[in-house]
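# Structural overview
Here is how the chains run, residue by residue.
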Amino acid sequence: MIERSMERRALPRDVINLPALLSFDGIMGLHPCVVRDINAFGARLSTPYYIFASEFDLLFSSLHKRLACRVVWRRATISGVVFVVLRRAPKPVSASIVHLNLPYALPPVRPVSEACGISFDMH
């Protein structure tokens, strides 16, 4: 008798069996795969070849969606992946845009009495 392993996923996966494409860094072109099942955290992919890369992009051409993936397990041509949130590096600030002229960097400060229209006579 074959025993099923205990489910370890946080969310159940939906079976979708949709064609998709894989994009690998350093390898030109797109490579076919089938997304067998998916949830918000990851997916199970089936490919016609063994996936050697640990990270790649998964593209759904019909949904215009691109997901960064990291492989967490492999069995022959089937792989389990988690979706990775890519953080973009902050854009460098161009020196030609920012001019720090300290005396004029901030607007002039008005006394509190002028700002609120109340005079503060201490006499």
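The present account deals with the structure reproduced in this document.

So, how was this worked out
Residue indices begin from 1 for each chain and proceed along its sequence in written order. Note on the predicted model: pLDDT of at least 70 is required for a residue's local features to be given, and 80 or more for side-chain atom pairs to be given and counted; whole-chain, interface and lining totals, by contrast, use all residues. With hydrogens and water excluded, all non-hydrogen atoms of the structure serve as input to the side-chain values. For the purposes of this entry, the term helix denotes a DSSP run of H or I that reaches at least four residues, the term strand denotes a run of E that reaches at least two, and both are numbered from the N terminus. For every residue, the accessible area obtained with a 1.4 Å probe (protein chains only) is divided by the maximum for its type, and the residue is called buried under 20%, exposed over 50%, and partly exposed between those limits. By definition in these notes, contact holds between two residues if any of their heavy atoms fall within 4.5 Å. The term salt bridge refers to a side-chain nitrogen of Lys or Arg lying within 4 Å of a carboxyl oxygen of Asp or Glu. When DSSP finds at least two bridges between two strands, those strands are taken to pair. A fitted line through C-alpha atoms serves as each axis, taken over the contacting stretch for helices, and the angle formed by two N-to-C directions is quoted from 0 to 180°. Definition of nonpolar core: a set of buried residues of the types Ala, Val, Leu, Ile, Met, Phe, Trp, Tyr and Cys, connected through side-chain atoms within 4.5 Å.

Once that is clear, we can look at the overall build of the protein. Secondary structure assignment for the protein yields 2 helices and 6 strands. Counting from the amino terminus, helix and strand elements in the protein follow one another as β-β-β-β-β-β-α-α. Of all 123 residues assigned to the protein, the portion counted as buried reaches 23%. Taking the intrachain contacts of the protein between residues at least 6 apart in sequence as the baseline, contacts between residues at least 24 apart amount to 42%.

Glancing now at the pattern of salt bridges. With the rule as written, the count across this model stands at 3 salt bridges. Linking Arg-13 and Asp-37 is a salt bridge whose minimum nitrogen-to-oxygen distance equals 3.3 Å. With a gap of 24 residues between them, Arg-13 in the segment before strand E1 (14-23) and Asp-37 in strand E2 (residues 31-38) connect regions that are remote in the sequence. Assessed through its relative accessible area of 8%, Asp-37 is described here as buried. With its nearest N and O atoms 3.0 Å apart, the salt bridge here joins Arg-44 to Asp-37. Bridged by salt links that share partners, the residues Arg-13, Asp-37 and Arg-44 form one connected network.

The next point concerns the pairing of strand E5 (residues 65-75). Where strand E4 (residues 55-60) meets E5, 6 bridges bridge the pair, whose relative direction is antiparallel. Within the sheet, the bridge partner assigned to Phe-56 lies in E5 and is Cys-69. Following E4, the chain reverses through 4 residues before pairing antiparallel with E5; His-64 in that reversal takes a positive phi of roughly 55 degrees. Note that E5 and strand E6 (residues 78-83) share 6 bridges and pair antiparallel. For Trp-73, the partnering residue across the bridge sits in E6 and is Gly-80. Counting the residues that bridge the hairpin from E5 to E6 gives 2 residues, and of these Ala-76 lies at a positive phi of roughly 55 degrees.

Before going further, it helps to examine unusual backbone geometry. Even without glycine at this site, Asn-17 takes up a positive phi of about 45 degrees. Note that Asn-17 resides in strand E1. For Ala-76, which is not glycine, the phi dihedral falls at a positive 55 degrees. Mapped onto the fold, Ala-76 is located in the loop between E5 and E6.

Sheet strands line up and pair through hydrogen bonds in the backbone, either parallel or antiparallel. A barrel is described by the order of its strands in space; here 6 strands give the closed sequence E1-E2-E3-E6-E5-E4, paired in antiparallel fashion. Taking the axes of each pair of neighbouring strands and ignoring which way they run, one obtains an average angle of 45 degrees across the sheet.

On to the side chain of Ser-23. Relative to the elements of secondary structure, Ser-23 occurs in strand E1. On the accessibility criterion, Ser-23 (16% relative accessible area) is buried. In this structure Ser-23 touches Leu-30, Phe-56, Asp-57, Leu-59 and Arg-66, once residues within four positions along its chain are discounted.

Leu-22, Val-35, Leu-45, Phe-56 and Leu-58 are the most contacted members of the largest nonpolar core, which has 17 residues in total. Among the secondary structure elements, those contributing two or more residues to this core are E1, E2, strand E3 (42-46), E4, E5 and E6.

Note that all results are geometric; they support no functional claim without further evidence.
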